Amino acid sequence: MLLLNPSIFFSFLITSIILNQIPTSSADNVQQYKKCSSSFDCANLKNLSYPFWGPSRPQYCGHPSFQLQCNDEFASITIMSQSYRILEVIDSDHRLKVVRTDYWNNVCPTNLKNTSLGFNFFDYGSDTRNLTLYYDCPYTQFPIPDSYSPQFNCSINGIQMVNYFMLESVLENGEGLVSLSETMGTCKSRVMIPILDSEAERVVTNSSVENLKDVIDNGFEVEWSANNSLCHECQSSGGHCGYDQSSKDFTCFCKDGSFPHSCRSGEHHSRFHCCVFCIQ
Ligand SMILES: *[C@@H]1O[C@H](CO)[C@@H](O)[C@H](O)[C@H]1NC(C)=O
Ligand SMILES: *[C@@H]1O[C@H](CO)[C@@H](O)[C@H](O)[C@H]1NC(C)=O
Ligand SMILES: *[C@@H]1O[C@H](CO)[C@@H](O)[C@H](O)[C@H]1NC(C)=O
Ligand SMILES: *[C@@H]1O[C@H](CO)[C@@H](O)[C@H](O)[C@H]1NC(C)=O
Ligand SMILES: *[C@@H]1O[C@H](CO)[C@@H](O)[C@H](O)[C@H]1NC(C)=O
Ligand SMILES: *[C@@H]1O[C@H](CO)[C@@H](O)[C@H](O)[C@H]1NC(C)=O
């Protein structure tokens, strides 16, 4: 072909090198594309990318609701004003394994608050069970199986409390738990803590406080949605996912600018042809 001719090949090479360095769009776009192309690490987590961002990655490379704090042993994320430690990120199916920061190795936090994901960007994974912690209850001697005593004590703000914990399904289906469920009805507050379904059995077979803490510390799964399918489309077209502050929506950073969901295909080709013709 034409390219076999050494002088044409040489000038083509020069031209394409030059062309590759000419920003075809604003310098900002090139900068954003570059910045968002590399992954980042955050505390215990490695190789993170969209929708996450944090100290070492600008906000436009992620989604606003997915800011990470990286200064502790574990990365954390804030969902509905509540902090969660992130134990694991499973990128391929948009899942996180998290634990409430206030419940980390602690079943007596000073502020009793429910778990709430808000459901805009996060939802519970399918392997989730609700564990309910009942606080400030009347003391009950357990009549039911000797070893089963889902009770723990706290001293919160100087107040001694007797507390119980129960899996929702156990309370609904359990036989012989009527008196216990009556007791729980009179507790001052209750807090829902999601746990992994696969861990749930442990607090039923052995209701020690250590087991309770372990099961909570093993976290629960959250599925995220941050324009996941758009991001997939963007990545498949060679772009990097991000967020446009002015349109307040997803954007796809490409070599030659940013686009609503994927990089313009064929763009590279037409420029390639043009440059070959120019040389001729
Ligand atoms: C980092 O993540 C990307 C996708 O997000 C993946 O393709 C790549 O293999 C990962 N690298 C390592 C070292 O895990
Ligand atoms: C948590 O939610 C349950 C059920 O919706 C509610 O009964 C309870 O009062 C809430 N607890 C707190 C501390 O807000
Ligand atoms: C757990 O409780 C929350 C809040 O009440 C609810 O949205 C969620 O669907 C429950 N999860 C399960 C597995 O029952
Ligand atoms: C909690 O405190 C009560 C008395 O206030 C005590 O009888 C009970 O054994 C304690 N339970 C646990 C699990 O320590
Ligand atoms: C329950 O688990 C605790 C440790 O979490 C252990 O010390 C205790 O012996 C166990 N009890 C039974 C009945 O297995
Ligand atoms: C991205 O997701 C948000 C929230 O789910 C939605 O409002 C928005 O329309 C999506 N963007 C596009 C371009 O579909």
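Residues numbered from 1 in each chain as written. Chains lettered and ligands numbered in written order. Predicted model: local features only at pLDDT ≥ 70, side-chain atom pairs only at ≥ 80, totals over all residues. Heavy atoms only, no water.

## So, the overall build of the chain
What counts is decided by this rule: Elements are defined by DSSP. Helices are runs of H or I of four residues or more, strands are runs of E of two residues or more, and each kind is numbered from the N terminus. The buried label goes to any residue with under 20% of its type's maximum accessible area, the exposed label to any with over 50%, and the partly exposed label to all in between, with areas taken from a 1.4 Å probe on protein chains only. Residues are treated as being in contact if the distance between any of their heavy atoms lies within 4.5 Å. Where accessible areas are quoted, they stem from the Shrake-Rupley method and a 1.4 Å probe; at the residue level, only the protein chains shown are allowed to cover.
For the chain, the helix and strand inventory stands at 8 helices and 15 strands. Taking all 280 residues of the chain together, 40% fall into the buried category. Within the chain, counting contacts between residues at least 6 apart in sequence, those at least 24 apart form 59% of the total. Element-wise, carbon and sulfur atoms account for 51% of the exposed surface of the chain, whose accessible area totals about 15000 Å².

## Overview of the nonpolar core
Note that soluble globular proteins tend to have their nonpolar side chains buried in a common cluster. We apply this condition: The set of buried Ala, Val, Leu, Ile, Met, Phe, Trp, Tyr and Cys residues whose side-chain atoms join them within 4.5 Å is what this entry labels a nonpolar core.
Judged by nonpolar contacts, the single largest core of 30 residues is most densely connected at Phe-52, Leu-68, Ile-77, Leu-96 and Phe-122. Elements with a minimum of two residues in this core: β1 (40-42), β2 (45-48), β4 (76-79), β5 (82-90), β6 (95-100), β12 (220-224), α7 (228-236) and β14 (249-254). Once residues lying within four places of it in the same chain are set aside, the contact partners of Phe-52 are Phe-40, Arg-57, Cys-61, Gly-62, Phe-66, Leu-68, Ile-77, Val-89, Leu-96 and Trp-224. By size, the runner-up hydrophobic cluster in this structure holds 20 residues, among which are Tyr-135, Phe-152, Ala-200 and Leu-212.

## Remarks on the site of ligand 3
Let me state the cut-off plainly: Near is defined per residue: the residue qualifies when any heavy atom it owns lies within 4 Å of the molecule or strand. Under the rule applied, a polar contact is a pair of N or O atoms within 3.5 Å (in protein, one hydrogen donor and one hydrogen acceptor; residues adjacent in sequence only if both atoms are side-chain atoms). Each residue is assigned to one of three groups, with Ala, Val, Leu, Ile, Met, Phe, Trp, Tyr, Cys and Pro labelled nonpolar, Asp, Glu, Lys and Arg labelled charged, and all others, Gly among them, labelled polar.
Looking at ligand 3, the residues that line it are Phe-119, Thr-128, Asn-130 and Met-192. Taking Asn-130, its side chain carries an N or O atom lying 2.4 Å from an oxygen atom of ligand 3. In the complex, the protein chains occlude 48% of the 360 Å² of accessible area that ligand 3 would expose alone. Among the residues making up the shell around ligand 3, the classes are represented as 2 nonpolar, 2 polar and no charged.

## Focus: the packing of aromatic side chains
Selection rule: In summary, the pairing rule links any two rings of Phe, Tyr or Trp, Trp by its six-membered ring, whose centres are within 6.5 Å, and it sorts them by plane angle into stacked for under 30 degrees, edge-to-face for over 60 and tilted for everything else. Only Lys NZ and Arg CZ are tested; either one counts as a charge over a ring when it is within 6 Å of the ring centre and within 35 degrees of the ring normal.
Taken as a whole and judged by the stated rule, the model has 13 aromatic pairs. Measuring from ring centre to ring centre gives 4.9 Å for Phe-66 and Phe-122, while their planes differ by 35°; the resulting arrangement is tilted. Note that Phe-66 is positioned in the loop between β2 and β3 (68-69) and Phe-122 in strand β7 (residues 122-124), a separation of 56 residues in sequence. The two residues Phe-66 and Phe-122 agree in class, both being buried. Lying over the aromatic face of Trp-104, Arg-85 brings its terminal NZ or CZ to 4.1 Å of the ring centre.

## With respect to the sheet that holds strand β9 (residues 151-156)
The strands that make up a sheet pair up through hydrogen bonds in the backbone, lying either parallel or antiparallel. Stated formally: Paired strands, as defined in this entry, are two strands with at least two bridges between them according to DSSP. What counts as an axis is a line fitted to C-alpha atoms, over the stretch in contact for a helix, and the angles between N-to-C directions run from 0 to 180 degrees.
The strand order across the open sheet built from 4 strands is β9-β10-β8-β11, with neighbouring strands paired in antiparallel fashion. In this open sheet, the two strands that pair with only one neighbour each are β9 and β11 (189-196). For this sheet, the mean inter-axis angle between neighbouring strands, taken without regard to orientation, is 30°. Pairing of β9 with strand β10 (residues 159-167) involves 6 bridges; the strand directions are antiparallel.

## Examining the site of ligand 6
In the neighbourhood of ligand 6, the contacting residues comprise Asn-227, Leu-230 and Asp-249. Asn-227 is positioned such that a nitrogen or oxygen atom in its side chain is 2.4 Å from an oxygen atom of ligand 6. Within the side chain of Asp-249, one N or O atom sits 2.8 Å away from a nitrogen atom of ligand 6. Considering ligand 6 on its own, with 360 Å² of exposed area, one finds that the protein chains cover 42% of that surface.

## Here's the deal with the environment of Pro-138
Looking at where Pro-138 falls in the secondary structure, it is placed in the loop between β8 (128-137) and β9. The exposure class of Pro-138 is partly exposed, given its relative accessible area of 38%. Between the alpha carbons of Pro-138 and Thr-186 there is a distance of 7.5 Å; along the sequence they are 48 residues apart. Those residues in contact with Pro-138 that lie beyond four places of it in its chain are Tyr-164, Thr-183 and Thr-186.

## Quick word on the sheet that holds β5
Strand order in the open sheet made by the 6 strands is β3-β4-β5-β6-β12-β7, with antiparallel pairing throughout. Each edge of the open sheet carries a strand with a single partner, namely β3 and β7. Bridge count for β5 against β6 is 6 bridges, and the pairing is antiparallel. When the bridges of β6 are listed, Arg-85 appears paired with Val-99.

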